[in-house]
Amino acid sequence: LKIAAARGDSSPSMASRCVAVMAVLGGATAFTAPNAGAPAIQALNRRALCSDGGCEAEGTQVPRSTGFSNSVGLTSLTGAVASLLFLRAAARRQGARKELRRKAEVTRRADDDIEMGFEDSFSGVKNYVNPWEEFASIDVDTKAGKQQIIYGEQFHPYDGPVYKKVPVAEGISFPLDPTKFYEPLEPPEPGGKWGDGRSPDGNWYMEVDGETIQYWQGQGKRKRACAVVRVMKGTGQFIVNSMDGAGYCHDYPIWWYKAMEPICSMGLKNECDIIVKAFGGGVGGQMGAIRVALARALAEKDYSVVPLLKRAMYLHQDPRQKEAKKTGRPKARKSKPWHKR
């Protein structure tokens, strides 16, 4: 304690360490010399016995009292146990401090790479990459001549945090903590898409007979029906819910052509295989949902065909629905016949 005071360290941790060291030394002394705990007290006991007349000769042996020695040994043992607990708590505290320092270093290293997004109003240069910001143009013949139309989604300027040219959420530091998150612990490469079951590189892959094949995916709706379409390179197969597309349409050519029109109009029918998962509604509604989903999958495959798909209304989702039945009427509009008399 004097050493701690001389160093100017008055923290409870330093005092606890000093007490622990003293208790360990005391416990070791008690185990090695159990009767050497209190020589002064033994001498006082001997004098008290001799003053009462119990000692007549100098050579008389006075029985030593072992109670105090045993109590000292028990106290030292308790102190040794307490010291071990103190040392264990100190080790845990030191480990926690190391972990906090490691996390602080990781956060500091990530904070150095994080900056706020901005866009130059004159040159249009950005310090981030929006993977969904894609554009395609087409020349349209008009009465006055040719007009170029640019297709693409418009996005608001982004001013949030940016990590290695990738927009990220606020309050997140990279690499992510492996005890809280699954891999990947780093965001995708600049320009790479994520979500919807994509791989870290931003593409879709599936295993077919032990071989990894890339595919492109799209979702569509029509009435009460929904469809998820996967397009991959192949020989022109069309599978709907594990059935052949023509058989699923009950060999009704209008339904089949309604679903396959986007890819047939581009001349890619025999170069791609199509796997569809359709549910809800009827067969006609499912074919309409497949039509939209297939067009969106083709747009994912090659964004340059978006102008053609849009002008042909293949990317347009039909919003028409069956009108709901009204109370007191057999159908939505039909009513009971009215008779004057």
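Higher on the page you've got the structure.
Model, not experiment: these values are computed from the prediction.

1. A closer look at helix 7 (residues 283-301)
Reasoning step 1: With 19 residues, helix 7 ought to run about 27 Å at 1.5 Å a step, and its terminal C-alpha atoms sit 26 Å apart, in line with that.
Reasoning step 2: Burial runs high along helix 7: 16 of the 19 residues are buried.

2. Here we look at the nonpolar core
In summary, soluble globular proteins display a tendency toward joint burial of nonpolar side chains.
Reasoning step 1: Val-229, Phe-238, Ile-263, Ile-274, Val-276 and Ile-290 are the most contacted members of the largest nonpolar core, which has 30 residues in total.
Reasoning step 2: Elements supplying a minimum of two residues to this core: strand 8 (225-233), strand 9 (238-240), helix 6 (253-265), strand 11 (272-279), helix 7 and helix 8 (306-311).
Reasoning step 3: In terms of residue count, the dominant contributor to this core is helix 7 (10 residues).
Reasoning step 4: In this structure Ile-274 touches Val-229, Arg-230, Gln-237, Phe-238, Ile-239, Met-260, Ile-263 and Leu-294, once residues within four positions along its chain are discounted.
Reasoning step 5: Of all hydrophobic cores here, the second largest spans 5 residues; its members include Val-168, Phe-174, Leu-176 and Leu-185.

3. Structural notes on the sheet that holds strand 11
Reasoning step 1: What the 6 strands build is an open sheet, ordered 6-7-8-11-9-10; its pairing is mixed. Of all strands in the sheet, those with a lone pairing partner are strand 6 (204-208) and strand 10 (243-244), marking the two edges.
Reasoning step 2: Where strand 9 and strand 10 come together, 2 bridges link them in antiparallel fashion. Bridge pairing links Ile-239 to Asp-244 in strand 10.
Reasoning step 3: Of the strands in this sheet, strand 6, strand 7 (211-222), strand 8, strand 9 and strand 11 are in contact with helix 7, which crosses strand 7 at around 130°.

4. Remarks on unusual backbone geometry
Reasoning step 1: The step from Phe-174 to Pro-175 runs through a cis peptide bond, and the omega angle for that step is 0°.
Reasoning step 2: Looking at where Pro-175 falls in the secondary structure, it is placed in the loop between strand 5 (166-167) and strand 6.
Reasoning step 3: Positive phi, close to 50°, is recorded for Asn-241, a residue that is not glycine.
Reasoning step 4: Within the element layout of this structure, Asn-241 appears in the loop between strand 9 and strand 10.

5. With respect to a nonpolar patch on the surface
Reasoning step 1: Taken together, the side chains of Leu-74, Leu-77, Val-81 and Leu-85 define a hydrophobic patch exposed on the protein surface, amounting to about 370 Å² of accessible area.
Reasoning step 2: With respect to the helices, strands and loops of the structure, Leu-85 is situated in helix 4 (residues 67-113).
Reasoning step 3: For Leu-85, a relative accessible area of 55% gives the class exposed.

6. A word on the environment of Trp-194
Reasoning step 1: Note on placement: Trp-194 falls in the loop between strand 5 and strand 6.
Reasoning step 2: Measuring from C-alpha to C-alpha, the distance between Trp-194 and Pro-131 comes to 9.2 Å, with 63 residues separating the pair along the chain.

7. Looking at the environment of Phe-238
Reasoning step 1: By the element assignment, Phe-238 lies in strand 9.
Reasoning step 2: The exposure class of Phe-238 is buried, given its relative accessible area of 5%.
Reasoning step 3: Not counting the four nearest positions on each side in its chain, Phe-238 is found in contact with Met-243, Asp-244, Gly-245, Trp-256, Ala-259, Met-260, Ile-274, Val-276 and Ile-290.

8. Looking at the pairing of strand 6
Reasoning step 1: The pairing of strand 6 with strand 7 spans 5 bridges and is antiparallel. By the bridge assignment, Met-206 is partnered in strand 7 with Ile-213.

9. Some thoughts on the packing of aromatic side chains
Reasoning step 1: In this structure the tally under the stated criterion is 5 aromatic pairs.
Reasoning step 2: Ring geometry for Trp-132 versus Trp-194: centroids 5.3 Å apart, planes at 85°, classification edge-to-face. Note that Trp-132 is positioned in the loop between strand 1 (114-116) and strand 2 (136-141) and Trp-194 in the loop between strand 5 and strand 6, a separation of 62 residues in sequence.
Reasoning step 3: Classification of Trp-132 as partly exposed rests on a relative accessible area of 33%.
Reasoning step 4: Taken together, a centroid distance of 4.9 Å and an interplanar angle of 20° make the contact between Tyr-163 and Phe-174 stacked. Residue Tyr-163 is found in strand 4 (residues 161-163), and its partner Phe-174 is found in the loop between strand 5 and strand 6; the two are separated by 11 residues along the sequence.
Reasoning step 5: According to the relative accessible area criterion, Tyr-163 is buried, its value standing at 3%.
Reasoning step 6: Owing to a relative accessible area of 8%, Phe-174 belongs among the buried residues under this scheme.
Reasoning step 7: Seen from the ring of Trp-204, Arg-198 lies directly overhead, with NZ or CZ sitting 3.9 Å from the centre.
Reasoning step 8: Above the ring of Trp-216, the side-chain terminus of Lys-301 is found at 5.3 Å from the ring centroid.

What counts, and at which threshold
Residues numbered from 1 in each chain as written. Predicted model: local features only at pLDDT ≥ 70, side-chain atom pairs only at ≥ 80, totals over all residues. Heavy atoms only, no water. Helix = DSSP H or I, 4+ residues; strand = E, 2+ residues; numbered from the N terminus. Expected span 1.5 Å × (residues − 1). Buried < 20%, exposed > 50% of the residue type's maximum accessible area, 1.4 Å probe, protein only. Core = buried A, V, L, I, M, F, W, Y, C linked by side-chain atoms within 4.5 Å. Contact = heavy atoms within 4.5 Å. Pairing = 2+ DSSP bridges. Axes fitted to C-alpha atoms, helices over the stretch in contact; angles between N-to-C directions. Patch = residues over 30% accessible without salt bridge, like charges linked within 9 Å, V, L, I, M, F, W, Y side chains within 5 Å. Areas by Shrake-Rupley, 256 points an atom, 1.4 Å probe, with all protein chains shown as cover. Salt bridge = Lys/Arg side-chain N within 4 Å of Asp/Glu carboxyl O. Phe/Tyr/Trp six-rings, centres within 6.5 Å; stacked < 30°, edge-to-face > 60°. Lys NZ or Arg CZ within 6 Å of the ring centre and 35° of its normal.

Read these as geometric descriptors, not functional statements.
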